Amino acid sequence: FASVREGYVGPNLFTARYANGSWGGWAYAGDRLMKEIQAGEVHLHGDSLYFHSGREGGKGGYDIWVTTRSGGTWTDPLPLTAVNSEAMDGFPFLTQDGSELWFTRTYLGTPGIFRSVRTAAGWSEPELVISWFAGEPCLDAAGNVYFVHHYYVDGEMIEADIYVAY
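What this report covers is the structure whose coordinates are included nearby. (Residues numbered from 1 in each chain as written. Predicted model: local features only at pLDDT ≥ 70, side-chain atom pairs only at ≥ 80, totals over all residues. Heavy atoms only, no water.)

Read from one edge to the other, the open sheet built from 3 strands follows the order β14-β15-β16, with strand pairing classed as antiparallel. Each edge of the open sheet carries a strand with a single partner, namely β14 (134-139) and β16 (156-165). Taken pair by pair, the neighbouring strands of this sheet meet at an average axis angle of 15°, ignoring direction. Of the strand pairs in this sheet, strand β15 (residues 145-153) and β16 are connected by 9 bridges, and their pairing is antiparallel. Counted as the bridge partner of V145 is A165 from β16. (Pairing = 2+ DSSP bridges. Helix = DSSP H or I, 4+ residues; strand = E, 2+ residues; numbered from the N terminus. Axes fitted to C-alpha atoms, helices over the stretch in contact; angles between N-to-C directions.)

In total, this model carries 8 aromatic pairs according to the counting rule given. Ring plane angle 90° and centroid distance 5.1 Å describe the contact between Y8 and F14, whose orientation is recorded as edge-to-face. The class of F14 is buried, set by a relative accessible area of 2%. On the numbers, 5.9 Å between centres and 25° between planes, the contact of F103 with F114 is stacked. Taken together, the residues span a long stretch of sequence, with F103 in strand β10 (residues 100-107) and F114 in strand β11 (residues 110-119) at a distance of 11 residues. These aromatic residues form a ring-pair network of at least three members: F1, Y8, F14, W26 and Y28. Directly above the aromatic system of W26 lies the positively charged group of R5, at a separation of 4.4 Å from the ring centroid. (Phe/Tyr/Trp six-rings, centres within 6.5 Å; stacked < 30°, edge-to-face > 60°. Buried < 20%, exposed > 50% of the residue type's maximum accessible area, 1.4 Å probe, protein only. Lys NZ or Arg CZ within 6 Å of the ring centre and 35° of its normal.)

Each regular strand carries side chains that alternate between the two faces of the sheet. Burial of strand β9 (residues 88-94) is extensive: 5 of the 7 residues sit out of reach of the surface. Between β9 and β10, which pair antiparallel and follow one another directly, the connecting turn spans 5 residues, one of which, G98, has a positive phi of 75°.

One number sums up the size of the largest pocket: a volume of about 600 Å³. Looking at the lining of the largest pocket, the elements that each hand over two or more residues are β2 (11-19), α1 (31-36), β4 (42-45) and β5 (48-53). Taken together, the residues that form the lining of the largest pocket break down as 15 nonpolar, 8 polar and 3 charged. Of the pockets and cavities examined, the second largest pocket occupies roughly 190 Å³. In terms of lining, the second largest pocket is formed by 14 residues, of which the most central are M88, F91, T104, T106 and P111. (1 Å grid on protein atoms, 1.4 Å probe; cavity = no way out; pocket = protein on both sides within 12 Å on 5 of 7 lines; lining within 4 Å. Points joined across faces, edges and corners; volume = space filled by probe spheres on them. Nonpolar A, V, L, I, M, F, W, Y, C, P; charged D, E, K, R; others polar.)

A separate point is the nonpolar core. By size, the foremost hydrophobic cluster in this structure holds 10 residues: Y50, I64, V66, L80, V83, L94, L101, F103, F114 and W123. Discounting chain neighbours no more than four positions away, the residues touching I64 are F51, H52, L78, P79, L80, V83, N84, D89, G90, P92, L101 and F103. Residues L13, I37, W65 and W74 belong to the second largest nonpolar core, which totals 9 residues. (Core = buried A, V, L, I, M, F, W, Y, C linked by side-chain atoms within 4.5 Å. Contact = heavy atoms within 4.5 Å.)

For T95, the location among the structural elements is in the loop between β9 and β10. The residues contacting T95, other than those within four sequence positions of it, are H45, E100, W102 and L139.

Here's what the structure looks like:
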């Protein structure tokens, strides 16, 4: 999870353990993820961590990357080149079976929700699913899409509400 905590500068990634009905034992995720890999908003799927980052090697703005946990450390990240664009691509979410990647693409300051389907050949061309001013998607087991709707006035975001599309 991401959090701003005392003793750390800005938002950082942390881990926690669920035991005896509650979460606890939080720990800093480490400099490998935060400083070397430069992981931003994350989605953990099995041993793969999908994240957005403005790190070098992408197509522009933020791009979506993946790193895999191997032997207790994270591999060098790879960009999802089939999905990334020159716009800002971020806030990745994978369906439980890993067959769909949902994410936010922001172009000229306006976010929209896109979906890419994993095929034998890789990720498909992303398609716009929920029109502009929507972002940060996640899905439940029934396929309902939860997202944030951003409301702007004169280019400034003044409100963000959570919506669901059934």
